[in-house]
Amino acid sequence: MDIKVSSLAERPDRLGAVLGMADTWPEFVTHDLVGNAHYGRVPTELPEYTLFAEDADGRVVAHAYSVPFALGLDGRRTLPARGWDQVLVWAFADLRHGTRPDTVSAIAVTIAPHAQGRGLSSVMLSAMRANARARGFREVVAPVRPNAKHREPRTPIAEYAHRVRPDGLPADPWLRVHARAGAAIDSIAPASMTVTGSLEEWRRWTGLPFDTVGDVEVPGALAPVRCEPEHGYAVYTEPNVWMRHPL
């Protein structure tokens, strides 16, 4: 696929096209409160860390968000168990306070539905790494959402993440893309994203009844959603896998 990768800092005129690009994220993951508060700030407040790919016709077919943050601060040092949520909070707290970043974290690589299956995920990950390197960083970290884990929602994430093929590469396709790019697993983020909602909201998001107490398997979810009809709510806690990319 003939594509051109740019940043929004270079091409601010493409902001609307980047924001308007179709995606295939499950509806419920867009209701994480931390994500709602911070994710949309990346392209406007950190345009130099927002990359996008255009095809030969000028259509935006992929984008990659990342954020710089200070991992070396006291009280941090290690990649957080709250993964995606925590790194977003750290990044924008650092931006607000003028704290010098020392690490870049991937936030998302999103491919337009019609352009999937053409290797664009690898292209955008490589571009993200190159962008961080060009800005003087020595490492990119990523709270990776294993893209085949939803097929085994009850398998413990640590067991799933360390499953490998005969060639030694991860069995999961997205973990494998990161590994091929030079990353290694650092740790598990067991509570990388948390989505809470009323039973009515979960019914609207998923089309499922959510009327029985216990764990509910939801299409696209990496772990079961805990349903509590007596209290009128359900909670999804998503595990991710922290991977480190030396540059």
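Look a little higher up for the structure.
Residues numbered from 1 in each chain as written. Predicted model: local features only at pLDDT ≥ 70, side-chain atom pairs only at ≥ 80, totals over all residues. Heavy atoms only, no water.

Visitor: Would you mind going over the overall build of the chain in detail, with residue names and values included?
Guide: Each helix and strand counted, the chain has eight helices and nine strands in total. The C-alpha radius of gyration of the chain comes to 18 Å, within 12% of the 18 Å expected for a compact globule of 247 residues. If one aligns the C-alpha atoms of the chain with their principal axes, the spans along those axes are about 50 × 45 × 45 Å. Considering the chain as a whole, with its 247 residues, one finds that 49% of them fall into the buried category. Put simply, of all contacts in the chain between residues at least 6 apart along the chain, 72% involve residues at least 24 apart. Surface accessibility of the chain: about 11400 Å² in total, with carbon and sulfur atoms responsible for 51%. Taken together, the 27 basic and 29 acidic charged side chains of the chain have centroids lying 6 Å from each other. (Helix = DSSP H or I, 4+ residues; strand = E, 2+ residues; numbered from the N terminus. Rg over C-alpha atoms; globule rule 2.2 N^0.38 Å. Buried < 20%, exposed > 50% of the residue type's maximum accessible area, 1.4 Å probe, protein only. Contact = heavy atoms within 4.5 Å. Areas by Shrake-Rupley, 256 points an atom, 1.4 Å probe, with all protein chains shown as cover. Lys, Arg positive; Asp, Glu negative; His and termini not counted. Charge placed at Lys NZ, Arg CZ, Asp CG, Glu CD.)

Visitor: Which residues make up the nonpolar core, and what are the values?
Guide: Core analysis: the largest hydrophobic core is formed by 47 residues, its most contacted members being F28, I107, W202, F210 and Y236. Secondary structure elements with two or more residues in this core: β3 (60-69), α4 (83-97), β4 (103-111), β5 (139-144), β6 (184-198), α8 (199-206), β8 (225-228) and β9 (233-246). Sort the elements by how many residues they give to this core and α4 lands first, with six residues. If we ignore the near neighbours within four places in the chain, the residues touching W202 are F28, V195, T196, G197, G207, F210, V225, A234, V235 and Y236. Counting residues in each nonpolar core, the second largest holds 22 residues, with A106, I111, W174 and M243 among its members. (Core = buried A, V, L, I, M, F, W, Y, C linked by side-chain atoms within 4.5 Å.)

Visitor: Quick one: what's the story with the environment of P26, residue by residue and with numbers?
Guide: Relative to the helices and strands, P26 is located in the loop between α1 (15-20) and α2 (33-38). With 136 residues separating them along the chain, P26 and H162 place their C-alpha atoms 25 Å apart. Those residues in contact with P26, other than ones at most four positions away along the chain, are R145 and G220.

Visitor: Just give me the short version of the pairing of strand β2 (residues 50-55), but keep the residues and values in it.
Guide: For β2, the buried fraction is high: six of the six residues fall into the buried class. Examined bridge by bridge, strand β1 (residues 3-7) and β2 share five bridges and lie antiparallel to one another. Within β2, the residue paired with V5 across the bridge is A53. Note that β2 and β3 share five bridges and pair antiparallel. Residue pairing for β3: E54 is matched across the bridge by V60. In this structure, the hairpin formed by β2 and β3 is closed by a connection of four residues, where G58 is found at a positive phi of approximately 85°. (Pairing = 2+ DSSP bridges.)

Purely spatial values, then, with no claim about function.
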